[in-house]
Each structure stands twice: as structure tokens, then as C-alpha cells.
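So the chains spell out like this:
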Amino acid sequence: MEKLTYEESYELVKEEIRKALTSSPRIINEYLTHLSVSQGKMIRAVSVLICAQDSEGKINPDAVYGAAAIEIIHLASLVHDDVIDNADLRRGKETLQKKYGKRTAVICGDYLLSLALKMAAAIPNRKEYADIDLPDYISRLCLGELLQHINNKNLNLTVFEYIKIISGKTAALFEASFLTGAILGGYSPAEVKKYRKIGNYAGLIFQLQDDCLDFDKTIEQAKKPVQSDYEQGVITLPLIHALERLPDFKKKAIDDGIARADINQAVEKAGGLDYTKQVIGRYYKKAERYINKLDVTEEKRDRVAAIVKKATGMKVEL
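Figured I'd write up the structure that's included with this text. Note that the structure is a prediction, hence the values are computed from the model and not measured. (Residues numbered from 1 in each chain as written. Predicted model: local features only at pLDDT ≥ 70, side-chain atom pairs only at ≥ 80, totals over all residues. Heavy atoms only, no water.)

### Here's the deal with the packing of helix H7 (residues 134–150) against helix H9 (residues 171–184)
Here's step 1: In contact at an axis separation of 9 Å, H7 and H9 are set at 160 degrees when each is read in the N-to-C sense. Taken together, H7 and H9 sit at an angle that is classed as roughly antiparallel. By crossing handedness, the relation of H7 to H9 is classed as right-handed. Between H7, through Leu134, Tyr137, Arg140 and Leu141, and H9, the contact on the second element is made entirely by Ala172, Leu173, Glu175, Ala176, Leu179 and Thr180.
Here's step 2: Residue classes in the contact of H7 with H9 are distributed as seven nonpolar, one polar and two charged. (Axes fitted to C-alpha atoms, helices over the stretch in contact; angles between N-to-C directions. Helix = DSSP H or I, 4+ residues; strand = E, 2+ residues; numbered from the N terminus. Parallel < 35°, antiparallel > 145°, perpendicular 65-115°, else oblique. Left-handed = near helix turned anticlockwise from the far one by under 90°. Contact = heavy atoms within 4.5 Å. Nonpolar A, V, L, I, M, F, W, Y, C, P; charged D, E, K, R; others polar.)

Given below as C-alpha cells:
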């Protein structure tokens, strides 16, 4: 089996995703083709490929299917998220639910999950990779989303409880990406464990950075709705910190309700964004420690580190 370069693998992943979305049955083709127009940064798929690289930078072709499957799972979760959030915009384009309606979007999201599992099953040597349990990661993602929904408007949500939520809804799929890449790269169980840890931290960082984005970016910059988490009932870390630090603000929130201006003022007064960025920094240092323990070339170590830096919002090439 001839291995691929990173560039070859990346183009094949994009092609697999494009084919999956545009070659679907006629009844659903129009909807999935709409999704294919605006592919994101594919950071999860890229993570699979980078983690799968060997000492020469080459990649097992099976990683293409794993990367594409994970990216489609992510896409399915976005389609469902947009329904839950009643979002009009995603990646700068009209959402599926806005263009075609919620029922259609939900069904398309479900179909995407089936596509992802079919793609994972297409890995030629999948019996050798039994430890890649994508259904388990899908379950963790769903349970994280459900836990978030159950805690909508929960003004008593603790930092620990919030980290548990995002460990499922965001970090699980990052962890799956790093795990999948490491296993398909033929690394030892001890090394795979390190990759899993790095992936988990990268996912936590990514979500916490997104929490900050809701406060300090415009719609044009973010290419999705901002200043909207609380309006959707979602309590994020900057607000949790403000509620814990400002008892009067929390009392007002419970007794009278709070507007966006109140939230912005309280988060600024309590240093909610600074606190969240400190937490990001702590997870980054944890990820860095595991990255430094990887038994890889310096070039690959730098590329793995670049993924984590990207999650923090730094502009780096992957």
C-alpha cells in the first residue's frame, strides 16, 4: 500500500466529502449540495492527517476515509446546531434550516451521520482499527449537546459542570480526530494515548476561544451570529465567571432578567474574557507537555502544536 503526501491526502479528503455531498440520492441531493458550497477550515480532518503522518511525513491512505468521516460528523452537528439555535448564517452562507426549513435540516443532519458511518466502514483494513470507535464519539457529542440543553438558562452552572458539557459537545470530536490519526498512523497504544490527550485539550481550547468570539467579534468577522449565546439560553465561561464574581448581577439576572448590554458590562467588570483566556492558557500548557513527549520528528511536533495554536485563534498555517 503506497502512502500519500499530506497535500495528496488533503485533496482526497475534500474530494471524498464533495462526492458524499453531491452524489447522494436525488431526493436529498439539492440540500446536501447546498452544504458543499461552503466548506470550513476542516481543522478536524487536518488533525487526522497530521497525526497520521509517519517519520517521513507520509500518510496511510486509510486516513483519508477517517478524516472525511469525522468532518461529515462535524457537519451534521452544525446542521443540527443551526436548527436548535434558529441560526440564519453559517460560514458566511445561509443555513440549511433557514433556506429549506427545520424539518428538512434535521433529516439531512441525520442522513449525514449515516454517511459518515458508511465512510468509516469503507476503510479497507477497518478490523485492524477497532479502537477507532466513532459511534462512541458521536454518542459523547450528542450527550454533551443534551447536557447543554438541559442547562439552558441555568445561572447556577459551575465551571466544572461547564467543562463537562464542552468535553462532549466540542472536545469529543477533536479527541476522535487525534485518536483516529494516531491509530491509522500505526503508533503504539502509549503514543495514541498522548494524541488523545492533546486532541481533548485542543477541543476544549477551541470551544473556550469560541466563547470569547461571541463577545469580541462582529458577524462579518465570525461569519456566524455573535452576541447570541445567552439569547439562545447558552451559559458560557465568561458569563459563568461574571455570575460567580458579581452577586448583585446574578441576583438581578435571577429576579428581573438581563439584557445583552448588562451581560457585556458584567463580563467586562468581572474580567470574564481574561479569565477564560487564562483557562485556555492552562489547557494549552497541558497540551504542550504532551506534545513535547511525542516520539516524532521536530517537523511533525511543530505541526501538531500548530493545530493547538490554531484552536487558540492564532493565525498559523497547518
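### Section: helix H8 (residues 159–169)
Here's step 1: Taken as a whole, H8 has its buried residues at Val159, Tyr162, Ile163, Ile165, Ile166, Gly168 and Lys169.
Here's step 2: Buried positions along H8 lie against H7, H9, helix H10 (189–216), helix H12 (237–245) and helix H15 (272–293). (Buried < 20%, exposed > 50% of the residue type's maximum accessible area, 1.4 Å probe, protein only.)

### Thoughts on the packing of aromatic side chains
Here's step 1: Using the criterion set out here, one finds six aromatic pairs in the structure.
Here's step 2: Taking 5.5 Å as the distance between ring centres and 45 degrees as the angle between the ring planes, the aromatic pair formed by Tyr187 and Tyr195 counts as tilted. Exposure class is identical for Tyr187 and Tyr195. Each is buried.
Here's step 3: Centre to centre, the rings of Tyr201 and Tyr290 are 6.3 Å apart; their planes meet at 40 degrees, and the pair counts as tilted. Within this pair, whereas Tyr201 is found in helix H10, its partner Tyr290 is found in helix H15, the two being separated by 89 residues in sequence.
Here's step 4: Here Tyr290 falls in the partly exposed class, since its relative accessible area comes to 24%.
Here's step 5: The rings of Tyr201, Tyr283 and Tyr290 are connected pair by pair, giving a single aromatic cluster.
Here's step 6: Positioned over the ring face of Tyr230 is Lys153, at 4.0 Å from the centre of the ring.
Here's step 7: Stacked on the ring of Tyr290, the Lys or Arg Lys293 has its end atom at 5.1 Å from the ring centre. (Phe/Tyr/Trp six-rings, centres within 6.5 Å; stacked < 30°, edge-to-face > 60°. Lys NZ or Arg CZ within 6 Å of the ring centre and 35° of its normal.)

### Focus on helix H14 (residues 260–270)
Here's step 1: Within H14, burial applies to Arg260, Ile263, Ala266, Val267 and Ala270. Along H14, the residues classed as buried sweep out an arc of 130 degrees about the axis, all on the same side. Facing away from the buried surface of H14 by more than 90 degrees, the exposed residues are Ala261, Gln265, Glu268 and Lys269.
Here's step 2: Contacts from the buried residues of H14 go to H10, H12, helix H13 (247–255) and H15.
Here's step 3: Immediately beyond the C-terminal end of H14, within one or two residues, lies Gly271, with a positive phi of roughly 70 degrees. (Arc of directions from axis to C-beta.)

### Remarks on empty space enclosed by the protein
Here's step 1: On inspection of all chains with the given rule, the structure shows four cavities of 30 Å³ or more.
Here's step 2: Counted as a void, the second largest cavity has a volume near 90 Å³.
Here's step 3: Breaking the lining of the second largest cavity down by element, the ones donating at least two residues are helix H1 (6–22), helix H2 (26–36) and helix H4 (62–85).
Here's step 4: Take the lining of the second largest cavity: its biggest share by element is four residues, from H4.
Here's step 5: Taken together, the residues that form the lining of the second largest cavity break down as six nonpolar, five polar and two charged. (1 Å grid on protein atoms, 1.4 Å probe; cavity = no way out; pocket = protein on both sides within 12 Å on 5 of 7 lines; lining within 4 Å. Points joined across faces, edges and corners; volume = space filled by probe spheres on them.)

### Things to note about a positive patch on the surface
Here's step 1: On the surface, Lys193, Lys197, Arg282, Lys285, Lys286, Arg289 and Lys293 cluster together to form a positively charged patch.
Here's step 2: Residue assignment for the positive patch shows that the elements contributing at least two residues are H10 and H15.
Here's step 3: Looking at the secondary structure, you find Lys197 in helix H10.
Here's step 4: Residue Lys197 is classed as partly exposed on the basis of its relative accessible area of 34%. (Patch = residues over 30% accessible without salt bridge, like charges linked within 9 Å, V, L, I, M, F, W, Y side chains within 5 Å. Areas by Shrake-Rupley, 256 points an atom, 1.4 Å probe, with all protein chains shown as cover. Salt bridge = Lys/Arg side-chain N within 4 Å of Asp/Glu carboxyl O. Lys, Arg positive; Asp, Glu negative; His and termini not counted. Charge placed at Lys NZ, Arg CZ, Asp CG, Glu CD.)

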